[in-house]
Structure formats: structure tokens, C-alpha cells
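# Close look at the chain arrangement
Residues per chain are reported as follows:
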Amino acid sequence: MAESSPQFAVVLVAAGRSTRFSGVYKKPFAPLDGRAVWLHSAERFVNRDDVSRVVVVVSDEDREEFDQKFGANVMILGLAVCRGGKERADSVRSGLAKVGDAEFVAVHDAARPCVTDKEIDSLFDRTRATGAAILASPVASTLKRVESTGEGAMIGETVPRVGLWAAQTPQAFRRDLLERAYAADDVATATDDAQLVERLGERVAIVEGSPLNLKITTKADLKLAEQILRVKPPPKSKGVNPFADDDLWR
């Protein structure tokens, strides 16, 4: 890494509705290899020398149970917690209000627990150089645009995949730039943070990530994530987390 000073704050978004994740838990809180998904994500940032604060955003309906289940983890890891809103944009705005005076802000989906330190290092270095960067991976599959959905779906055309990349998180930006992007109207229509920054006419750099940085959407993704975590390097550590082996929310 180019610098070790704490220039970055991280907004960890865990306030979604998890409509495609059927079961007892919402996906950020589902058990994964002994602890909740969101904890795997948080641990990638809390011990970094270049991160000053990690803010976890949870929904109103989850806040009470979150505090009961994870209050000790929040205290030990030194996290800030705030309430999210109805849409993802509302949740990111809430998190932005808690990041303090960090020069840069990274936004990460709590349901992406498999990002590596190396990927974060590369993203942060690129963000320092350009002011805005995201992790993404080149699209490898053949893409089809369909004319309809459901049982009668038919292919309308094959879309050339040249130059197409699948966006991931973290996505990192100068704090003032991201705040300006979220101050604009109609932010709810954007599907990621980079799109809002693009609307300002700003350029956003691409840092190649791995397809293994998957976002957990279904229960099957949990099984895949567990296998990925077993072969990836563990997160940076400054000491022993006494709650690391807890089987939380099971």
C-alpha cells in the first residue's frame, strides 16, 4: 500500500430486505463458517491501518435484534452502527453522515464476505490516485437480451460482451465527491454508487477483482462462500477476537 495513515472510512450496508434469500435470517446475518456473514465482511476492514472507521448500516426492523446478538462484537471491533432507510441510497446516506472527516469513503455490501485484503489494497491505491474506483470483473458469459420473462421467454438478441464488466464492491471515492453524488435528486434509481458519481460527469476507475468476490443472494451462495473462505487468506489481524468462533444467530 502507498500509505498507512487512516484515510478511509467504510460504510458496510446491511439494511436490505433480502427478498431472494428465503429462510430464518436475512442474508447479512446468516451463519457462514461459524459466524454471521456481515462479520466476515467487517473483519476485512477493521484492522487496516488506512481505515479510520467502519460504519454498519442496519434496518430499523433489525436494529433491536442486531444490538442483542452483536452488541459485544460491535464493541470489541470498534464499529459504529446506524439505521438505514427504505432504499439502499437512504442507507448509504445514513452511513455517510457517520464517517467523520475521512478523506475517502468505501461502500461495501455486507453480503460480500469473500473480498480479499489484496483486492482492497489495489482498490484503495487506485482511489488515492483517481478519486473514484470500483472493483469489477470482466463478463465471461455470453449475454442474451430476452423479449419477455417467465415460461414464455424468448431471446431478443445476443449482446456483445466486449468491454462489459460486472460491478462489485467495495466502491471507493473521495468523501466530498460521494457526498455530492448522494445530494443529487433521484438517487434511488441508481443500482450502485459509481452510477451516481458518473451522473456528475466524473470518471470512475476499474480495478479488476475476482469472480469469487460474490454477493450472497441465495442459500446456495452460502455454501459456495464457505468453500471460498477456506482457500482465501484470512483478514489482517491485530490480535485475537474473542467472538471469532461464536456460532452467531444460529
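As shown above, the structure is provided for reference.
Residues numbered from 1 in each chain as written. Predicted model: local features only at pLDDT ≥ 70, side-chain atom pairs only at ≥ 80, totals over all residues. Heavy atoms only, no water.

### Considerations on the environment of Ser-52
With respect to the element layout, Ser-52 can be found in strand E4 (residues 51-58). Exposure remark for Ser-52: the relative accessible area of 42% places this residue in the partly exposed category. Linking Ser-52 and Pro-6, residues 46 residues apart in sequence, is a C-alpha distance of 4.9 Å. In this view, Ser-52 contacts Pro-6, Phe-8, Ala-9 and Ala-102; residues no more than four positions away in its chain are not counted. (Helix = DSSP H or I, 4+ residues; strand = E, 2+ residues; numbered from the N terminus. Buried < 20%, exposed > 50% of the residue type's maximum accessible area, 1.4 Å probe, protein only. Contact = heavy atoms within 4.5 Å.)

### Brief notes about helix H4 (residues 117-130)
Taking 1.5 Å per residue as the helical rise, H4 with its 14 residues ought to reach 20 Å, and the 20 Å between its terminal C-alpha atoms agrees with that figure. Of the surrounding secondary structure, the elements contacted by the buried residues of H4 are strand E1 (8-14), E4, strand E6 (104-109), strand E7 (132-138), strand E10 (165-174) and strand E11 (205-208). Gly-131, located one to two residues past H4, shows a positive phi value of around 95°. (Expected span 1.5 Å × (residues − 1).)

### Overview of the sheet that holds E10
Ordered by their spatial adjacency, seven strands build an open sheet running E5-E4-E1-E6-E10-E7-E11, and the pairing between neighbours is mixed. Two strands bound the open sheet, and with one partner strand each, they are strand E5 (80-83) and E11. On average, each strand axis in the sheet is tilted by 30° relative to the strand beside it, whichever way the strands run. In terms of strand pairing, E1 meets E4 through seven bridges, oriented parallel. Note on E4: the bridge partner recorded for Ala-14 is Val-58. In this fold helix H3 (residues 88-96) packs onto E1, E4, E5 and E6, with an angle of close to 145° to the strand it touches most, E1. Against the sheet, H4 engages E1, E4, E6, E7, E10 and E11, with an angle of about 135° to E7. (Pairing = 2+ DSSP bridges. Axes fitted to C-alpha atoms, helices over the stretch in contact; angles between N-to-C directions.)

### Some words on the nonpolar core
Counting residues in hydrophobic clusters, the biggest one holds 33 residues, and the most contacted among them are Trp-38, Val-56, Phe-66, Leu-79 and Phe-124. Where this core is concerned, the elements lending two or more residues are E1, helix H1 (37-43), E4, helix H2 (60-77), E6, H4, E7 and E11. Within the second largest apolar cluster, 27 residues are counted, among which are Ala-89, Ala-136, Leu-178 and Ala-181. (Core = buried A, V, L, I, M, F, W, Y, C linked by side-chain atoms within 4.5 Å.)

### A look at the side chain of Lys-232
In this structure, Lys-232 sits in the segment after helix H7 (219-231). Buried within the structure, Lys-232 lacks any salt-bridge partner; its nearest side chain of opposite charge belongs to Glu-119, at an N-O separation of 4.3 Å. Separated by 2.9 Å, the side chain of Lys-232 and the backbone oxygen of Cys-114 make a polar contact. Among all residues touching Lys-232, those that are not within four sequence positions of it are Cys-114, Thr-116, Glu-119, Leu-212 and Asn-213. (Lys, Arg positive; Asp, Glu negative; His and termini not counted. Salt bridge = Lys/Arg side-chain N within 4 Å of Asp/Glu carboxyl O. Polar contact = N/O pair within 3.5 Å; in protein donor to acceptor, adjacent residues only side chain to side chain.)

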